[in-house]
Amino acid sequence: MRDDNPQAIADIGSSYRAVRARSEELCGPLEVEDYCVQPIPEVSPIKWHLAHTTWFFEAFILQEYCPNYRVFNSKFNYLFNSYYESIGNYFPRPERGNLTRPLVKEIYEYRRHVDQGMSALLKGNTRPDVLDRVTLGLNHEQQHQELMVTDFKYILGKNPLRPSYNGATPKSNDVSVDRLAYSSFDGGMASIGIEVDGHSFCFDNETPKHRVYLAPYSLSNRLITNGEFEDFIRDGGYDDPRLWLSDGWLEKKQRGWSLPEYWSGEQGDRIEYTLSGERELDLAYPVTHISFYEADAFARWAGARLATEFEWEHATESQCAPIFSSGTPNTELHPQPASEGDQLKQLIGDCWEWTSSSYSPYPGYVPLKGALGEYNGKFMANQFVLRGGSVATPPGHIRTTYRNFFYAHDRWQFTGIRLARDVD
């Protein structure tokens, strides 16, 4: 970006206001008691998300570029720093639910204070590095918007009352889905990743663009459904150690897994909790909230495997131009059944799809300079890559090169299964 481009400055200001407003809109249906709960270490209190995303702008932009900026509360750097060791010490993640103070209303005051500082910064000509830093901050907040949706689903879903997030009534769907089919791809040399061009945003872990050889392969034309996963359960899939990785089998036993997250009841009488409340399990909907271990065991049971992240990206971009999600959010906030047709479906915006690829750097990867170099690079170990976005991902935030990553046991995100096979 050029520092004398008034349109770029106007656009970033508009985007800033829209993204910040969206975080608060998501909290609209919540009561104040919902803001402070942390059922498991992975799930942060909602008020912590609101404060942390605000701290990001304060710590990485206002304090760096605005000499006259007045810090709202110097102790917030300790409370709301997530993991940036080079910034200083931070409050332990598993204990965030103990932060009854500051009050929720103080968090909103903090947001107003930082927003005023950002508004003043963005009024006039701004250096390209500032605009780039703001863009990163907005994408960071969008990531937390997705985490907020999945976190308050876990918070409400673990409440015995199983309340609806927005007061909506769970929808029933009488559609059926086509029999699972596979689309074949020739493979060969594939371009993976994104080239930084100074105009389109990407995270550093999506770079650099590079070439990868792919053997011929095929992908299932849709996500695995609740009904198909029920068949796996009925066939003893959770009880057959031959289907499971050793670590997965141990995890399953220790955590007592016998169903996906949010399922309850016996076969033929299953109930699923959604953000609209409990409903009878719909067999046509994609199975979601499962771990990598469960996805891998299901794939082995089905005589298939999980795709690599490179196969997923190659297939998605082979079918159409690189996809950037757009349009309005999925108001039901639940993955929808696949449409008819033979083409690949549900690629973007239903479930994050587990891949068999370990989260590691691309050849030639260079992290961001300074403290922001801790954003992605230091997590490149012991996690798996997921692709495709979910119903909780903000529209416009996802693209075909986007690399999400979680630990193999994680289930609280909208995670699902697409199968792959080798082609002779």
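Below, the structure is looked at part by part. Not measured: the values here are computed from a predicted model. (Residues numbered from 1 in each chain as written. Predicted model: local features only at pLDDT ≥ 70, side-chain atom pairs only at ≥ 80, totals over all residues. Heavy atoms only, no water.)

Quick look at the sheet that holds strand 4 (residues 217-220) now. Sheet strands associate in pairs through backbone hydrogen bonding, adopting either a parallel or an antiparallel arrangement. Pairing within the open sheet is antiparallel, and its 4 strands lie in the order 1-4-13-8. Every interior strand has two partners, whereas the edge strands, strand 1 (182-185) and strand 8 (305-306), have only one. Relative to strand 13 (residues 419-422), strand 4 runs antiparallel, the two sharing 3 bridges. Within the sheet, the bridge partner assigned to Ser218 lies in strand 13 and is Arg421. Here helix 9 (residues 309-319) sits on the sheet in contact with strand 1, strand 4, strand 8 and strand 13, set at roughly 75° to strand 4. (Pairing = 2+ DSSP bridges. Helix = DSSP H or I, 4+ residues; strand = E, 2+ residues; numbered from the N terminus. Contact = heavy atoms within 4.5 Å. Axes fitted to C-alpha atoms, helices over the stretch in contact; angles between N-to-C directions.)

Let's shift gears to empty space enclosed by the protein. Applying the stated criterion to the full structure yields 2 cavities of 30 Å³ or more. Of the pockets and cavities examined, the largest cavity occupies roughly 90 Å³. Secondary structure elements with two or more residues in the lining of the largest cavity: helix 1 (6-26) and helix 5 (128-157). Tallied by class, residues from the lining of the largest cavity come to 8 nonpolar, 2 polar and 1 charged. Roughly 50 Å³ of volume is contained in the second largest cavity. (1 Å grid on protein atoms, 1.4 Å probe; cavity = no way out; pocket = protein on both sides within 12 Å on 5 of 7 lines; lining within 4 Å. Points joined across faces, edges and corners; volume = space filled by probe spheres on them. Nonpolar A, V, L, I, M, F, W, Y, C, P; charged D, E, K, R; others polar.)

Under the criterion given, the structure shown has 28 salt bridges. A salt bridge links Asp129 to Arg127; the shortest N-O distance between them is 2.6 Å. For Asp129, a relative accessible area of 31% corresponds to the partly exposed category. Salt bridges linked by common partners bring Arg20, Glu24, Arg111, Arg112, Asp115 and Glu141 together as one network. (Salt bridge = Lys/Arg side-chain N within 4 Å of Asp/Glu carboxyl O. Buried < 20%, exposed > 50% of the residue type's maximum accessible area, 1.4 Å probe, protein only.)

Moving on: the environment of Gly268. Along the chain, Gly268 turns up in the loop between strand 5 (263-264) and strand 6 (271-274). Separated by 14 residues in the primary sequence, Gly268 and Asp282 have C-alpha atoms spaced 11 Å apart.

Burial analysis of helix 6 (residues 226-234) places 7 of its 9 residues in the buried class, the great majority of the element. Listed in full, the buried residues belonging to helix 6 are Asn226, Gly227, Glu228, Phe229, Glu230, Phe232 and Ile233. Of the residues trailing helix 6, Gly236 is marked for its positive phi of about 85°.

Right, let's talk about the sheet that holds strand 11 (residues 404-406) for a bit. With respect to topology, 4 strands assemble into an open sheet ordered 11-10-9-12, the strand pairing being mixed. What marks the edges here is a single partner per strand, and that holds for strand 11 and strand 12 (415-416). Where strand 9 (residues 352-358) meets strand 12, 2 bridges bridge the pair, whose relative direction is parallel. Looking across to strand 12, one finds that Glu353 is bridged to Gly416.

This is a description of form; function is not addressed.
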